[in-house]
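What follows is the residue order along each chain.
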Amino acid sequence: SLALYRTYRPGRLADVIGQEHVTVPLARAIDTGRAHHAYLFTGPRGCGKTSTARILARSLNCEQGPTSDPCGECGSCQDLAPNGPGSIDVVEMDAASHRGIDDARELREKAMYAPAASRYKVYIIDEAHQLTVDAANALLKLIEEPPPHLRFVFATTEPDKILATIRSRTHHYPYRLVTARRLQEHLAWMCDQEGVPYEAEALALVARAGAGSVRDAQSVLGQLIAGSGPEGLTYADAVAQLGFTDAALLDRVVDALADSDGPEMFAVVDSVVESGLDPRRFAADVLERLRDLVVLHEVPEAADQGLIDAPDNVIATMKEQSARLGLAQLSRAADLVSVGLSELKGATAPRLQLELLMARLLLPAADGSEA
Ligand SMILES: [Zn+2]
């Protein structure tokens, strides 16, 4: 089976996707000899914190370095290559399972020894918020006055839980969710590398399923590629496999709303249920479409500005829809669907809830603001 995450694991800072606000200054610091001795990488899971920590270690320990562009050929570079065997001098520790004072004391003791074969001994402490206060305090002195061979990287999804005394002694880099556009570029690049043809609309869905995480997007892409035929990744396959609502259904419901076409609204609900689509998923997708229409109404250049991510033909359709419905009706519909969506959570009769929601959408606004 295809593990894209392993195949396309980055080995240089420049290859980390969508975190340039971290990787560019970090590369400069390394190349100018101003790298700090302790870093704190925070942010959502799957965005490259641990990958960057490993790359930092590789960059610091390259025999030609420290350099942001490790040579890839020296012993250290090969040991620390993506999917390489690792180095005895680069220690990854999961604080979730080594959170106590004894672990911290042991680390403190071992850290004092010079590295076996490298320039630096690097400790990568993942899930660092899990360290107990005692353990964190035991490390504090080491972080305050480290021996010259020692480097630390703390990584965590929960920066607020990191002891302030540790935080203040590190250089802190917050990671971000990767934008859908950037994810799509990366997905397209991987498809090209794999020789798999694709429809742009399919990749847009994969990026959406990835929800800002490169790792999750890669995993979804791997699944779709594994199940794809000779025509590659098609929108139809992606929409079916990922359980998103087909854009055609969303067009129908929005058009029915604009036309106050009751029979069509209920026909759409019937299609949703008959096709086995989760009514909650459908309502969430309708809400997202309404959001896009509101944004398009207010910001005609939304697509160019990256506020909306959809292929050009879909944008054109949505522009028509948003002009037909108008801001008042769009905004009111979005409110209704938003409330309806929370009612659908845990509903025992989701079809019924969805039908009642459609009925509410068809009612004219009480203040008579609509034609
Ligand atoms: Zn090297």
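Given the structure is predicted, the values throughout are model-derived calculations rather than measurements.

How each quantity is defined
Sequence positions are assigned chain by chain, starting from 1 and proceeding in written order. Local features are withheld for residues below a pLDDT of 70 in this predicted model, meaning they are given only at 70 or higher, and side-chain atom pairs are given and counted only at 80 or more; totals for whole chains, interfaces and linings count all residues. Processing note: side-chain calculations cover all non-hydrogen atoms of the structure and skip hydrogens and water entirely. Here the axes come from fitting lines to C-alpha atoms, over the contacting stretch only for helices, and the angles between their N-to-C directions go from 0 to 180 degrees. Counting from the N terminus, the helices are the DSSP runs of H or I reaching at least four residues and the strands are the DSSP runs of E reaching at least two. Put simply, angles under 35 degrees are roughly parallel, angles over 145 are roughly antiparallel, angles from 65 to 115 are roughly perpendicular, and the rest are oblique. For a crossing to be left-handed, the near helix must be turned anticlockwise from the far one by less than a right angle; the clockwise case is right-handed. Note on contacts: a residue pair is in contact if any heavy atoms of the two residues lie within 4.5 Å. Ten residues, namely Ala, Val, Leu, Ile, Met, Phe, Trp, Tyr, Cys and Pro, are considered nonpolar, four, namely Asp, Glu, Lys and Arg, are considered charged, and the remaining ones, Gly among them, are considered polar. Accessibility here uses a 1.4 Å probe with only protein chains present; expressed as a share of the type maximum, an area under 20% marks a residue as buried, one over 50% as exposed, and anything in between as partly exposed. Counted as salt bridges are all cases of a side-chain nitrogen of Lys or Arg within 4 Å of a carboxyl oxygen of Asp or Glu. Along the arc lie the directions from the helix axis toward the C-beta atoms. Domain segmentation is taken from an automatic or database assignment of domains. As used here, buried area is the combined drop in accessible area, with a 1.4 Å probe, of two parts when they are placed together. Because water is not among the atoms used, a metal site may look incomplete, as its donors are only the N, O and S atoms within 2.8 Å, or 3.2 Å for Na, K and Ca. Any coordination sphere not matching a tetrahedral pattern (four donors, all angles between 85 and 135 degrees) or a square planar or octahedral pattern (four or six donors, opposite donors over 155 degrees apart, other angles between 65 and 115) is reported as irregular. Among buried residues, the Ala, Val, Leu, Ile, Met, Phe, Trp, Tyr and Cys ones that are joined through side-chain atoms within 4.5 Å form a nonpolar core. The span one expects for a helix is its residue count, reduced by one, times 1.5 Å. When the centres of two rings from Phe, Tyr and Trp lie within 6.5 Å, Trp using its six-membered ring, the rings pair. Their planes under 30 degrees apart give stacked, over 60 give edge-to-face, and anything left gives tilted.

Engineer: Whenever I open this one, the packing of helix H12 (residues 247-259) against helix H13 (residues 262-274) confuses me. Can you help?
Structural biologist: Helices that pack against each other are described as a pair by the angle of their axes relative to one another and the distance between those axes. Closest axis-to-axis distance for the H12/H13 pair is 9 Å, and the angle between their directions is 160°. Judged by the angle between their axes, H12 and H13 are roughly antiparallel. Like other packed secondary-structure pairs, H12 and H13 cross with a definite hand, here left-handed. On H13, the residues touching Leu-249, Arg-252, Val-253, Ala-256 and Leu-257 of H12 are Glu-264, Met-265, Ala-267, Val-268, Ser-271 and Val-272. Along the lines of polarity and charge, the residues of the contact of H12 with H13 split into eight nonpolar, one polar and two charged.

Engineer: Even after reading the chapter, I still don't get the environment of Ile-166, so can you show me in this structure?
Structural biologist: Checked against the element boundaries, Ile-166 lands in helix H7 (residues 164-167). Here Ile-166 falls in the buried class, since its relative accessible area comes to 4%. With 26 residues separating them in the primary sequence, Ile-166 and Leu-140 have C-alpha atoms 6.4 Å apart. Excluding its chain neighbours within four sequence positions, the residues that come into contact with Ile-166 are Ala-136, Leu-140, Ile-143 and Phe-154.

Engineer: Would you explain the pattern of salt bridges in this entry?
Structural biologist: In a structure, side chains of opposite charge can pair up when their charged atoms sit close to one another. Per the stated rule, a full pass over the model turns up 24 salt bridges. A salt bridge links Arg-182 to Glu-20; the shortest N-O distance between them is 4.0 Å. With Arg-182 in helix H8 (residues 180-194) and Glu-20 in helix H2 (residues 20-31), this pair connects stretches of sequence that are 162 residues apart. Residue classification places Glu-20 among the partly exposed positions, given a relative accessible area of 37%. Residues joined in a network through salt bridges with shared partners are Arg-208, Arg-281, Asp-285 and Glu-288.

Engineer: I keep staring at helix H11 (residues 235-242) and nothing clicks. Help me out?
Structural biologist: Among all positions of H11, only Tyr-235, Ala-238 and Val-239 are buried. The buried residues of H11 occupy an angular sector of 95° when projected down its axis, which confines them to one face. In this structure, the buried side of H11 is in contact with helix H9 (200-210), helix H10 (214-226) and H12. Downstream of H11 by one or two residues, Gly-243 has phi in the positive range, about 75°.

Engineer: Help me understand the domain arrangement of the protein chain in this model?
Structural biologist: Accessible area lost on assembly of the parts is the figure often given for the size of an interface. One can read the domain layout of the protein chain as domain 1 (4-174), domain 2 (180-237) and domain 3 (247-362). The gap between the C-alpha centroids of domain 2 and domain 3 is 25 Å. Each partner contributes to the roughly 610 Å² buried at the junction of domain 2 and domain 3, and carbon and sulfur atoms together form 33% of this total. The largest contributions to the domain 2 side of the interface with domain 3 come from Arg-181, Glu-201 and Arg-208, which together make up 68% of the buried area. At the junction of domain 2 and domain 3, the tally comes to two salt bridges. Put simply, Asp-285 and Arg-208 hold a salt bridge, and the shortest N to O gap is 2.5 Å.

Engineer: Sorry if this is basic, but what is going on with the coordination of the zinc ion here?
Structural biologist: Tetrahedral coordination by four donors places them ideally at 109.5 degrees to one another around the metal; octahedral coordination by six donors ideally gives 90 or 180 degrees. At 2.3 to 2.4 Å from the zinc ion lie its protein donor atoms, namely Cys-62 (SG), Cys-71 (SG), Cys-74 (SG) and Cys-77 (SG). Geometry at the zinc ion is tetrahedral, judged from its four donor atoms and the angles of 103 to 124° they form at the metal. Each donor residue of the zinc ion lies on one chain, and together they are spaced C-x8-C-x2-C-x2-C. Classification of Cys-71 by relative accessible area gives partly exposed; the value is 31%.

Engineer: It is not clear to me how the nonpolar core should be interpreted in this structure. Could you clarify?
Structural biologist: What tends to happen in soluble globular proteins is that the nonpolar side chains get buried as a cluster. Val-253, Phe-282, Leu-290, Leu-354 and Met-358 are the most contacted members of the largest nonpolar core, which totals 33 residues. Listed by contribution, the elements that provide at least two residues to this core are H12, H13, helix H14 (279-298), helix H15 (312-344) and helix H16 (350-362). The next biggest cluster of nonpolar side chains, apart from the first, holds 26 residues, and it includes Ile-17, Leu-203, Tyr-235 and Ala-238.

Engineer: Could you clarify how one ought to interpret H12 in this entry?
Structural biologist: Working note: α-helix, 3.6 residues per turn, so residues spaced by three or four point in the same direction. Here H12 contains 13 residues, and its C-alpha end-to-end distance of 18 Å stays within 8% of the 18 Å for a straight helix at 1.5 Å per residue. Turning to H12, its buried residues number three or more, namely Leu-249, Leu-250, Val-253, Val-254, Ala-256 and Leu-257. Seen end-on, H12 carries its buried residues on one side only, within an arc spanning 160°. On its buried face, H12 is in contact with H13, H14, H15 and H16.

Engineer: Any chance you could explain the packing of aromatic side chains here in plain terms?
Structural biologist: Scanning the model with the defined rule gives seven aromatic pairs in all. An angle of 25° between the planes, with centres 6.0 Å apart, marks the rings of Tyr-39 and Tyr-173 as stacked. Of the two residues, Tyr-39 is situated in strand E1 (residues 38-42) and Tyr-173 in strand E5 (residues 171-174); the sequence distance between them amounts to 134 residues. When sorted by exposure, Tyr-39 lands in the same class as Tyr-173, which is buried.

Engineer: Help me out: how do you make sense of unusual backbone geometry in this one?
Structural biologist: Glycine aside, negative phi is the norm for most residues, and most peptide bonds take the trans geometry. Note that the residue after Gly-65, namely Pro-66, is joined by a cis bond; omega there is 5°. By secondary structure assignment, the location of Pro-66 is in the loop between helix H3 (49-61) and helix H4 (75-79). The phi dihedral of Glu-127 is positive, around 50°, even though this residue is not glycine. Within the secondary structure, Glu-127 is located in the loop between strand E3 (121-126) and helix H6 (133-144). One non-glycine residue, Ser-260, lies in positive phi territory at about 50°. Relative to the elements of secondary structure, Ser-260 occurs in the loop between H12 and H13.

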